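# Results of the structural survey
Chain residues, written in single-letter form:
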Amino acid sequence: MTPTVVVVDDSAVQRRFLRGAIEDGAEFCVVGEARNGREAVALVARLRPTAVLMDLDLPVMSGIEAIERIMSSTPTPILVYSAFVAGTNSENALEALAAGAVDVLAKPGPDDTGTLADYAAALRGKLRVAARIRVITHPRGRLRSQGMAGTAPSLGGGSRRPLTSTRLGLLEERDGPRGNVKLVVVGASTGGPQALLTLLSQLPTDLCQAVLVVQHMAEGFVPGLASWLDGLVPMPVVVGASGRRLAPGTVTIAPSGGNLLVQDERLRVLCTPPDPGQFHVPGIDATFASVARALGPDAVGVLLTGMGRDGAAGLLEMRERGALTLGQDEATSTVYGMPAAAFALSAVERQLPLDLMAPAVLTALGRAPV
Amino acid sequence: MPADPDAVMRGARGRVLPPQALAGLREAFAAEVADRLPRLQAVRPGASAEVLAQALRDAHSLGSSAVVLGEPAASRTARAVEAALTAGDVGPVPGQVRELTVLLAAWQA
């Protein structure tokens, strides 16, 4: 069956262009168009498309709110298409991803060098990936609809309802303190920004360990991710740079454009070019493998939601060298791809729902869950 | 209108749509210009927040649409209007909108 798409944009020009670009080649069929967020929510509920292409700057109801509502009521892969996600506006992209969108694409600008044909091909490529994603009900919109979430900055805490002792009881005795852990390294891809927000929100400012995050992300978006997380989580969040050391109590995000490798137990890092043919940049496997070699058992590896299998082999190497390895479970993953691949390789020592990931990390570090 | 109906797209941005779709795009853009440009032309220092918010949306949409129609100069000018409005600096907007009007009139000629 031909995958179906709903297009959401208040500009008739954009809707017409997008319809033509999407339907070129008959790979997709545009079944509906909405001019604002409210229309989008209703149309998606009625038509149940395979995917949604959504602008963010919409009248009546904003794109972000529409994403939240769709993801809480009719979970559907949403690809954001907006001029408000490029360059200095990349925090909007992160906000959209946190609301439940699976990917973002900047609208073509007047100084772009590519042709519209190139752009249309890229758009269809992104839709092809989005259409394969099996999305889950998004907690942020659900909590908002229940009156449990407030303004945007606090929404990161949407998943921060106090954990009950019953939930914490799911952590087992083997999840107890582990040796001399120096580093917690986290890999994530599709659905990662929201998952990272949930995980990092539960890690305290006085953590004695460094935290390193590798999030698959297009060139130019990592500073926005760092800035966005820095405003929402307790620990400071910075972008990593070659030659520096990872600092305890600080979250370092791997920069885009290459791989970030941990060189030694003093946590000095080195940025290297991606391997020839490497699909995901920055690569999680490369970072995990470097951590395995540099720290052995003195690290915790966490593999979160994401499409593909990057991170699985690296996590296995970490586990083989004695590190605690955690994988996000299927029920709470936006895309159960990378964690599933790691689980299949026996790289995951403990598979956990997202809300138990931080408690498991803290328990391994000898800290009480926040 | 150019003699070759595909010239705009092929020349400036590369063609992506069949000729009938391009014709539809041009119609849609002409309608968008007719709808949004007069509101931008009416913006003056001291305009209400509501008027400025709508103007911001109008400039934003015209800027994005002009790219699709292969009019980067009009797009840049619309983006300059958007940037001025975003910064709360309405002073240069009337002049920028006059330039945008000329560029769009040339496109429609």
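This section reports on the structure supplied with the text.

Rules used in this analysis
- Residues numbered from 1 in each chain as written.
- Chains lettered and ligands numbered in written order.
- Predicted model: local features only at pLDDT ≥ 70, side-chain atom pairs only at ≥ 80, totals over all residues.
- Heavy atoms only, no water.
- Contact = heavy atoms within 4.5 Å.
- Buried area = accessible area lost by both parts, 1.4 Å probe.
- Salt bridge = Lys/Arg side-chain N within 4 Å of Asp/Glu carboxyl O.
- Helix = DSSP H or I, 4+ residues; strand = E, 2+ residues; numbered from the N terminus.
- Expected span 1.5 Å × (residues − 1).
- Buried < 20%, exposed > 50% of the residue type's maximum accessible area, 1.4 Å probe, protein only.
- Arc of directions from axis to C-beta.
- Pairing = 2+ DSSP bridges.
- Axes fitted to C-alpha atoms, helices over the stretch in contact; angles between N-to-C directions.

Contact with chain A, which involves 26 residues of that partner, is made by 26 residues of chain B. Of all residues in chain A, A:Val13, A:Pro110 and A:Leu116 give up the largest surface area on contact with chain B, accounting jointly for 31% of the area buried on that side. The interface formed by chain A and chain B includes three salt bridges. In this structure, A:Asp10 engages B:Arg36 in a salt bridge whose closest nitrogen and oxygen atoms are separated by 3.6 Å. Within the residue set of the side of chain A that touches chain B, elements represented by two or more residues are helix 1 (12–23) and helix 5 (116–132) of chain A. Top contributing element to the side of chain A that touches chain B by residue count: helix 1 of chain A, with seven residues.

Okay, helix 5 (residues 93–108) of chain B next. Residue and element names in this part refer to chain B. Along its 16 residues, helix 5 runs 22 Å from first to last C-alpha, staying within 8% of the 22 Å computed at 1.5 Å per residue. What helix 5 keeps buried is the set Val93, Pro94, Gln96, Val97, Leu100, Leu104 and Trp107. Summarising the axial view, the buried residues of helix 5 lie within an arc of 150 degrees, below the 170-degree limit, and thus occupy one face. The exposed set on the far side of helix 5, more than 90 degrees from its buried face, consists of Arg98, Val102 and Ala106. Its buried side turned inward, helix 5 meets helix 2 (19–41), helix 3 (49–68) and helix 4 (72–86).

All names here are of chain A. The strand order across the open sheet formed by seven strands is 8-9-7-6-12-13-14, and the pairing between neighbours is parallel. Lying at the two open borders of the sheet, with one neighbouring strand each, are strand 8 (237–239) and strand 14 (350–352). Between one strand and the next, the sheet's axes are offset by a mean angle of 20 degrees, whatever the strand orientation. For strand 13 (residues 324–328) and strand 14, the ladder comprises three bridges, and the chain directions are parallel. Within strand 14, the residue paired with Gln328 across the bridge is Leu352. The sheet contacts of helix 9 (residues 192–201) involve strand 6 (183–188), strand 7 (210–215), strand 9 (251–253), strand 12 (299–303) and strand 13, and relative to strand 7 the element is tilted by about 165 degrees.

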